[in-house]
Amino acid sequence: MKDDDAPHNPGSGLTRRRFLLTGATALAGLTLSPKLLASEGDLEPAGDFGELDATAPGGIDLYIERKTLRIDGLPGRAITINGSVPGPTIRMTEGEEAVIRVHNRMREATSIHWHGILLPFDMDGVPGISFAGIAPGETFTYRFRLRQNGTYWYHSHSGLQEQMGHYGQLIVEPRDEDPVDYDVEHTLVLSDWTFEDPTTVYKKLKSFEGYYNFQRPTLANLRQQADATDQGLGEAIGSRLQWNRMRMDSTDIADVTGATYSYLLNGRTARENPTFIAGPGERVRLRLTNASAMTYFDVRIPGLAMTVVQADGQNVEPVEVDELRIAVAETYDVIVTLPDARAYTIFAETMDRSGYARGTLAPQQGMSAPIPERRTRPLLTMADMGMMHGDMESMEGMEGMDHGGDHSAHGGDEASDSKDKIRYPPHDEHNVSSVAHRHALPVTDLPMSVPHGPDDHGAGSITMAENAYRQLDDPGVGLGDDGRRVLTYSQLRILETPPDRRPPTREINLHLTGNMHNYIWGFNGKKWSESEMLRFKYGERLRINFINDTMMNHPMHLHGMWMDLYAGHDYGKNPRKHTVNVQPAELLTVDISVDAPGQWAFHCHLLYHMKAGMFRTVAVVRDLKGEPIYADR
Ligand SMILES: [Cu+2]
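Residues numbered from 1 in each chain as written. Predicted model: local features only at pLDDT ≥ 70, side-chain atom pairs only at ≥ 80, totals over all residues. Heavy atoms only, no water.

In the nomenclature of an unreviewed UniProt entry, the chain is known as Copper resistance system multicopper oxidase of Lujinxingia vulgaris.

Structural data, given as structure tokens:
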């Protein structure tokens, strides 16, 4: 299938077998004969997953299997792990060796990727990048020593399997004392489920722009629009940003919506109301994972404050909030305490407001609290965009910014694209640590904005805004204007500074690009199949500037290495993340210690964006012209 543009889906063509399976799914899902309905009650429900310890002697076995489960009261054809969706919660202990035998009981290849876990690249589980995949009937043994602790998750990296339930949570217990103090803990896995075949969903996205949006988008060329209305530059940027926001609100907030999705918390819908038990006064640790294919959730527990203690498995200085947005593939741990013996609703509203997942926190089963009203899709005006306006002013005052923007060199090796350098303001020696390298890049007071440049990223890109801005204090569209305290990236400070916080000496600008007309997504205008490997040099500290040229959020995930997120404060306190969300028209910077030999995946974690080309292979090399390190071992 020529649509398929990711390296992780070998043999994804619509083979006869695939066609037959699709037919069977359609039968089960749509033609609900009385006989099927009668047996529906006998189906096991999604959400009955257990817990396994992968660092216990002998290791564990996982069986991947297609199975019909009861999902939202209906038979859903799922990919299960040990019979359940989500798969079992896997617990491990830091410093120990995990041994996990994965048995493929399907008629198609599969894989498991251990999201956020540092490990040898051939244990990372990405078919075509780090191993061959697990063939039907085969068993693959994953074996790796845990060099970290915290809350993570795992999922398939084969085709669109993740959309069908192939995911679960990972918990790595700290070897030493846990700095987080709690009495009870609960696993909260958020996800999106569709009764459609995921390949059908993808095909619809490819063939009809905005298929799952309730309102069809109007994709006008804003540059022409601005010219036609005789707007000045500032005005044009302003109206473009306004348009961006409004367009996102009305249409483009999510590619795939409640029109097809049921939203799940631990495999259960809001009606099924999964309940988590905690007594008054207890410190409850909620381990939140967003295992969705495409859905961002805004999570709150009306009446309770949440204290964020961990982000992407890394302990952070506690931040008390009322709400947080969890991007696809992120994890957050929060502590809450029930003040009384009443029930509280865990409410996870989708970013586009087209649905929600829900659970209950209560001292006993059977209790419930009101479900909050769904908020309307926000429509922002220029007056609401104070932050944007502020940024525009600071942009004008920025010295040395490359406004001209000859971006003709976007093709080829992104890393050596000298014409697309971000110009830093004259730098203050006090800002840089004493170990500063002669060519070290600044680590504080980074530029607030960068021009997107003209739309010359090729057919794979439609540039939507003139500039990308730092948005570290912005919780995201539709949040932060109703008096609630909403988590922002600028509030995340790592609890213990990791050993390597050298200033980086090399940087790569990565434009996130897309074309909604054809549903092509990529970087610097290129989808995966047209791209070269990104080369990271072993031992270097590397900076990546993400420049989001699109109107969508993209959760960027790097395998095998941490990304230290520039959060606008003390360099040593920058949070370490495996997935960073890049907001529409955002400039976001991460620094990486390149300490993991091998070949790694680097991609947008929106499943259909990844499949449509928003994917790069990263090779860790000895020198920038050389082969990947693993090639000569
Ligand atoms: Cu994306």
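From this point on, the discussion continues.
The predicted model of the chain has a mean per-residue pLDDT of 82, with 75% of residues at 70 or higher. Low pLDDT (under 50) marks residues 214-231, which in the prediction has 33 contacts with non-local residues, meaning those over four places away or in another chain. Ignoring residues within four places in sequence, the model shows residues 379-418, a span with pLDDT below 50, making 76 contacts including any to other chains. (pLDDT = per-residue confidence, 0-100. Contact = heavy atoms within 4.5 Å.)

Angles at a metal have ideal values that depend on geometry: 109.5 degrees with four tetrahedral donors, 90 or 180 degrees with six octahedral donors. Coordination of the copper ion by the protein comes from H554 (ND1), C604 (SG) and H609 (ND1), over a distance range of 2.0 to 2.2 Å. Spacing between the donor residues of the copper ion along their common chain follows H-x49-C-x4-H. Taken together, the residues span a long stretch of sequence, with H554 in strand 27 (residues 554-558) and H609 in helix 7 (residues 607-611) at a distance of 55 residues. The burial state of H554 is the same as that of H609; both residues are buried. (Donors = N, O, S within 2.8 Å, 3.2 Å for Na, K, Ca; no water. Helix = DSSP H or I, 4+ residues; strand = E, 2+ residues; numbered from the N terminus. Buried < 20%, exposed > 50% of the residue type's maximum accessible area, 1.4 Å probe, protein only.)

Looking now at the sheet that holds strand 27. Strand order in the open sheet formed by five strands is 25-33-32-27-30, and the pairing between neighbours is mixed. Only two strands of the sheet have a single neighbouring strand rather than two, namely strand 25 (534-537) and strand 30 (579-582). For this sheet the average axis-to-axis angle between neighbouring strands, irrespective of direction, equals 25°. When strand 32 (residues 598-604) meets strand 33 (residues 615-621), the two strands line up antiparallel, connected through six bridges. Each bridged residue has a counterpart across the sheet, and for W600 the counterpart in strand 33 is V618. (Pairing = 2+ DSSP bridges. Axes fitted to C-alpha atoms, helices over the stretch in contact; angles between N-to-C directions.)

Overall, the coordinates contain 35 salt bridges when judged by the stated rule. A salt bridge links R285 to D333, with the shortest nitrogen-to-oxygen separation between them at 2.8 Å. Separated by 48 residues along the polypeptide, R285 in strand 13 (residues 283-290) and D333 in strand 18 (residues 331-337) bring together distant segments of the chain. R285 sits in the buried class, given a relative accessible area of 1%. Of the residues examined, D333 reaches a relative accessible area of 0% and is grouped as buried. Connected via shared salt-bridge partners are D298, R300, E323, R325, E349, R353, R375, D482 and R484. (Salt bridge = Lys/Arg side-chain N within 4 Å of Asp/Glu carboxyl O.)

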